[in-house]
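Listed below, chain by chain, are the residues.
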Amino acid sequence: LGYLESFRIVFGSVYVLFLPGFIISYLFFPNTKEFDSDEDNDEKGSIDWIERIALSFALSIAIVPLTIFYLNLIGIKINLLNSFLIILGILIISSVVLFIKNKRN
């Protein structure tokens with residue numbers, strides 16, 4: 001394996017398996033707990049970093065394939081460029097919704 005292929009595998013995996021779920025996890029749970037916080041002072045809508053990372057992988061694994069397969073049903077072919085653009089669209093839409101949600105609060 002060359003450096004370029006290793007780079008593509010690592011950052012492609014993060015792009016597909018982590019980033020969409022990470023942004024979407026902030027839509028559902030906007031706050032992150034600190035490590036030294038007490039269990040009695042739990043804020044509403046907050047999770048810690050380990051839960052956020054696990055939820056990010058789970059959401060990405062659920063949302064990305066479903067979006068790509070449903071868009072394939074309406075006629076968009078599955079290839080590298082279309083998959084990249086679909087995931088980029090998920091990231092942009094999620095970021096815009098998160099920005100609007102944070103702007104209102």
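The structure this text deals with has already been given above.
Parameters at a glance
Residues numbered from 1 in each chain as written. Predicted model: local features only at pLDDT ≥ 70, side-chain atom pairs only at ≥ 80, totals over all residues. Heavy atoms only, no water. Core = buried A, V, L, I, M, F, W, Y, C linked by side-chain atoms within 4.5 Å. Buried < 20%, exposed > 50% of the residue type's maximum accessible area, 1.4 Å probe, protein only. Helix = DSSP H or I, 4+ residues; strand = E, 2+ residues; numbered from the N terminus. Contact = heavy atoms within 4.5 Å. Polar contact = N/O pair within 3.5 Å; in protein donor to acceptor, adjacent residues only side chain to side chain. 1 Å grid on protein atoms, 1.4 Å probe; cavity = no way out; pocket = protein on both sides within 12 Å on 5 of 7 lines; lining within 4 Å. Points joined across faces, edges and corners; volume = space filled by probe spheres on them. Nonpolar A, V, L, I, M, F, W, Y, C, P; charged D, E, K, R; others polar. Patch = residues over 30% accessible without salt bridge, like charges linked within 9 Å, V, L, I, M, F, W, Y side chains within 5 Å. Areas by Shrake-Rupley, 256 points an atom, 1.4 Å probe, with all protein chains shown as cover. Salt bridge = Lys/Arg side-chain N within 4 Å of Asp/Glu carboxyl O.

Novice: So what exactly am I meant to see when it comes to the nonpolar core here?
Specialist: Most often, soluble globular proteins keep nonpolar side chains buried together rather than apart. Core analysis: the biggest nonpolar cluster contains ten residues, these being Tyr15, Ile23, Ile24, Leu59, Val64, Ile68, Ile86, Ile87, Ile90 and Leu91. In terms of residue count, the dominant contributor to this core is helix α4 (residues 80-104) (four residues). In this view, Leu59 contacts Gly21, Ile24 and Ser25; residues no more than four positions away in its chain are not counted.

Novice: How should I be thinking about the side chain of Ser25 in this particular structure?
Specialist: Turning to its location among the elements, Ser25 is positioned in helix α2 (residues 19-28). Given the relative accessible area of 0%, Ser25 is considered buried. Among the polar contacts listed, one links the side chain of Ser25 to the side chain of Arg52, at a separation of 3.2 Å. Ignoring anything within four residues of it in the chain, the contact list for Ser25 reads Arg52, Leu55, Ser56 and Leu59.

Novice: Quick question: what am I supposed to make of the layout of surface pockets here?
Specialist: If a probe the size of a water molecule is rolled over the atoms, the empty space left behind becomes visible. Reported here for the largest pocket is a volume of approximately 250 Å³. In terms of lining, the largest pocket is formed by Phe7, Arg8, Phe11, Gly12, Tyr15, Val16, Val64, Ile68, Leu80, Ser83, Phe84 and Ile87. Contributions of two or more residues to the lining of the largest pocket are made by α1 (3-17), α3 (49-73) and α4. Ranked by residue count, the leading element in the lining of the largest pocket is α1, at six residues. Looking at the lining of the largest pocket, its residues break down into nine nonpolar, two polar and one charged.

Novice: Please clarify how the environment of Leu71 should be interpreted in this entry.
Specialist: Position of Leu71 relative to the elements: it lies in helix α3. Residue Leu71 is classed as partly exposed on the basis of its relative accessible area, which comes to 24%. Taking C-alpha positions, Leu71 is 29 Å from Asn102, a pair spaced 31 residues apart along the chain.

Novice: I tried to follow a nonpolar patch on the surface on my own but got confused; where do I start?
Specialist: Residues Leu81, Phe84, Leu85, Leu88, Ile92, Val96, Phe99 and Ile100 make up a contiguous nonpolar surface patch of about 730 Å² in total accessible area. Secondary-structure assignment places Leu88 in helix α4.

Novice: Hey, could you run me through the environment of Trp49 in this one?
Specialist: Looking at where Trp49 falls in the secondary structure, it is placed in helix α3. C-alpha of Trp49 to C-alpha of Ile9: the two residues are 40 residues apart in sequence and 24 Å apart in space.

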